[in-house]
Amino acid sequence: MSLSLREVGYRYAGAARTALTDVSLDLEAGRVLGIVGANQAGKSTLCLVAAGLAPATIGGELSGEVTIDGVATRSARPWELAQRCGIVFQNAATQLSGTTASVWEEVAFGPRNLGMPITEVADRVAWALDALAIIELAARDPERLSGGQAQLVALAGVLAMRPAYLVLDEPTSQLDPQGTDLVATAIAALAEQSGAGVLVAEHKTDLLARLAAEVVVLGNGQVLAHGRAEEVLADERLDEWGVEPPSGVRLQRAAKAAGVRLPAENVA
Amino acid sequence: MSEPAIETHRLGFAYPDGTRALEAVDLSIDTGGRVAIIGQNGSGKSTLVRHFDGLLRATEGTVNVNGEPVGGRHVADLARAVGIAFQNPDRQIFAASVVREVGFGPRNLGVSGDDLDLRVDAALAAVGLEESRAANPYDLGYSQRKLLGLASILAMRTPIVVLDEPTTGQDARGVARVRAIVDALTEMGRTVIAISHDMRFVAENFPRVVVMRAGRIVLDGSPNDVFAEASWPMLASTFVHPPLAARIGVRMGLGSTPTEASLIEAARRAAGQS
Amino acid sequence: MTTAGHRSDLRPAVPAFVQQPPTGAYRSLNPTTKLVIAVVEALIAFVLRGWTGLLVVLAVVVATAVVARIGRAMLPFVLATIPLIASILLVNTFLYPGATDAIVHIGPFAPTWTGLEFAVQAALRVVAFALSVAVFGLTTRPDDLVADLERRGLNRRVGFVVSATLRTVPRILQRAGEITEAQRARGMDTEGSLWRRVRGVIPLAGPLIFGALTEVEEQAMALEARAFSAPGRRTVLRAFPDSGAQRGARWVLLVVLVMVVGLSVTGRLEFLP
């Protein structure tokens, strides 16, 4: 079982050139796959394509094959896809429905759209709030949360759809360090405990070094490198690709160039 | 000895609903100086810099800009002295082209003709958007719109430049550009104040770091002092993580090494002694 | 783990703060009933000419506000009408077409009694309208109205737009504040002459509109990611008490509305002073 992209190309509706070219990758249950790349490299597009929103919701032209547990996203309906693969964007404010009075109701928004029995809705909300350890926010007004809390509520709203895969498009880029810690800790726990496959696009390679088992580097809509996180994040060409290496890698490299040794256990 | 660029004395601020945002802030920034302001969201960083151009008015204490009290001066007037590049570029971009967007500020200051063109061109070159002059700003990606916002402040050529989270959303090249702009501003004798959560950017580019918590300045010194182990409990209380280089330096018993260069240097010296 | 037999007791329930229907005589009315009351009051206030009808409607609106106990929370709604009321008073008092009963002559200006009377009536209509909106907005959760209308067969999207609009107002105000700050920091004069302020509208409205447009697409995708387009009815969280009496009252109100509008339009209510 996996979310799989085979020789995928994508062009936005009305765009002259393709945003993705010949991308193949697999995301397995319980794994975290990181996506890095310079701005405009195609990270966000890859997120939309993997979650099936492109082309199901926003149109455009897809070539190759994107399948989620064997189901092609090309022919699936948006609300069916929503139950297979969830997506969270960088800006929490635009993801909250803006119609609910409490966090509990906000998280219930998706399951209610599916018309589930109320007991099932309550089950799912309780599970999602628990998975992210935010039960204490249940009664709060979603408009009055910190950035990190709002992002966790947005994530909970998607989790309540019980997708097998999660796509996170720069989930911490609008957050302060406190919010970033909050969200990163939640993502790490989630992959481990819920068994969801998580694809996360991030500039913060320090964060990916901590979360991801595997990393893909994108450039110009193509895969430039793909492999185990330790290897890809230590690749000499990262700078060239417009990606900042993790701090630890950078410091080790500088130390080596200067002929001094930084013991690995101190850099971790 | 010239007047400080910014000087606050016992500056306090409360919002109309009574929420306290600043408490007795004493801050003096030399003309041509470079200062980073750090601390968790809600600690008062943005509230503080909004006093420098009169967007907010002190409820207690005073604020002087280039030696003159901001008192009753209009924001439009203070904008000649202080330019603030806000965090979210989408809260300011309105023009149909990149060139017009960048020209808005200088034109408000009465700049026109060749001088205007010159300033706009220089600002666009500094952020690397000279190729996009005629583009519609909303056809640019977020990181480029952010650089456009920065250019629109640079073109005003204010003696004091405030950058609110200039590196967020930028990739490695974008961050390098921001660093180069900060250096260029200093070379021209401008005062640069940056609010940032990016500790590497702060430690490597700012000789002075001011740490805020709950509306107060709790630490103020060089990166060496502010990121030294003794300050860690205070930093943790406002959710600031010291840069990795500083943490490694402490683990290796090398003292305070907030930057890559200082860590390598300290490690080399330690190796030479042993 | 517990045995299967006990499991139903341990299932997470809908929390009380979600389930609890609103309390209070007026708040606990069915959302649609409150909507009908607001619409009928506002429309009748606008179609009736002359004093009698207007004052009766105004009295009913104020009585509703008192029963609903909305108190000081209604102030912003009334304050928001001040610019409109001021312009109505000025324009009609000074420029009422054809009126000759001048109150006083001030140079070229001659305010008239006819104009003043018309202006005061128009202003009171605006107040009645604002108060009926306030009573509705302050006693009804948007989500409840949407759920109730959907139960009655209204499209999910229409309901969402209504409900999201009600909650978006504070967000837009905050955004407008940030935009004003950013443009003032770029030297835009908002403290100078009227003309300079008028010219400043574009730099303020531009980012408001563009910002909203760039976010709309992301918002639409985020809704889709939560199955917004799924077919069928949404799950209802709260029961909305409805009763035969309320149903009857709604029909009576609607019939009254149709009659008043009909009589007024055909000129059969002109005997009222």
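Residues numbered from 1 in each chain as written. Chains lettered and ligands numbered in written order. Predicted model: local features only at pLDDT ≥ 70, side-chain atom pairs only at ≥ 80, totals over all residues.

1. Re the interface of chain C and chain A
- Taken together, the contacts link 33 residues of chain C with 40 residues of chain A.
- The set of elements that each furnish at least two residues to the side of chain C that touches chain A consists of helix 2 (16-19), helix 8 (142-151), helix 9 (156-185) and helix 11 (201-224) of chain C.
- With 6 residues, helix 11 of chain C is the single largest residue contributor to the side of chain C that touches chain A.
- When its residues are assigned to classes, the side of chain C that touches chain A shows 17 nonpolar, 6 polar and 10 charged. (Contact = placed C-beta atoms within 7 Å. Helix = DSSP H or I, 4+ residues; strand = E, 2+ residues; numbered from the N terminus. Nonpolar A, V, L, I, M, F, W, Y, C, P; charged D, E, K, R; others polar.)

2. Notes on helix 11 (residues 260-273) of chain B
- End to end, helix 11 of chain B covers 20 Å across 14 residues, agreeing with the expected 20 Å (1.5 Å per residue, within 8%).
- If you check which residues of helix 11 of chain B are buried, you get E260, S262, L263, I264, A266 and A267 of chain B.
- Here the buried face of helix 11 of chain B lies against helix 11 (247-258) of chain A together with helix 10 (244-251) of chain B. (Expected span 1.5 Å × (residues − 1). Buried ≥ 20, exposed ≤ 12 C-beta atoms within 10 Å, placed from the backbone.)

3. Quick look at the sheet that holds strand 2 (residues 20-29) of chain B
All names here are of chain B.
- Ordered in space as 2-1-4-5, the 4 strands form an open sheet in which the pairing is antiparallel. Edge positions in the open sheet fall to strand 2 and strand 5 (68-69), since each of these has one partner strand only.
- Here strand 1 (residues 6-14) pairs with strand 2 via 6 bridges, running antiparallel. The residue of strand 2 that forms the bridge with L11 is V25. (Pairing = 2+ DSSP bridges.)

4. Thoughts on the interface of chain C and chain B
- In this complex, chain C contributes 19 residues to the contact, which on the side of chain B involves 20 residues.
- Counting residues per element, the ones that place at least two in the side of chain C that touches chain B are helix 9 and helix 11 of chain C.
- Of the residues contributing to the side of chain C that touches chain B, the split by class is 8 nonpolar, 5 polar and 6 charged.

5. A closer look at unusual backbone geometry
All names here are of chain A.
- The linkage connecting A54 with the following residue, P55, adopts the cis geometry, with an omega of 5°.
- Looking at where P55 falls in the secondary structure, it is placed in helix 2 (residues 53-56).
- Its identity is not glycine, yet A133 carries a phi of approximately 55°, on the positive side.
- Assignment of secondary structure puts A133 in the loop between helix 6 (118-131) and helix 7 (147-159).
- Positioned with a positive phi, N220 is a non-glycine residue whose angle comes to about 55°.
- Structurally, the position occupied by N220 is in the loop between strand 9 (214-219) and strand 10 (222-228).

6. A few points about the pairing of strand 1 of chain B
All names here are of chain B.
- Here strand 1 pairs with strand 4 (residues 60-65) via 5 bridges, running antiparallel. Directly across from T8, in strand 4, lies its bridge partner V63.
- The antiparallel pairing of strand 1 with strand 2 creates a hairpin that spans 5 residues between the two strands, and G18 there sits at a positive phi of about 100°.

7. Let's talk about the domain arrangement of chain B
Residues and elements named next belong to chain B.
- Annotation of chain B at the domain level lists domain 1 (1-74 + 195-240) and domain 2 (243-274).
- Here the C-alpha centre of domain 2 lies 29 Å away from the C-alpha centre of domain 1.
- The partner domain 2 presents 6 residues to the 9 residues of domain 1 that form the contact.
- Elements that contribute at least two residues to the side of domain 1 that touches domain 2 include exactly helix 7 (199-205) and helix 8 (223-226).
- Here the side of domain 1 that touches domain 2 gets 4 residues from one element, more than from any other, and that element is helix 7.
- Broken down by class, the residue content of the side of domain 1 that touches domain 2 amounts to 5 nonpolar, 1 polar and 3 charged. (Domains from an automatic or database assignment.)

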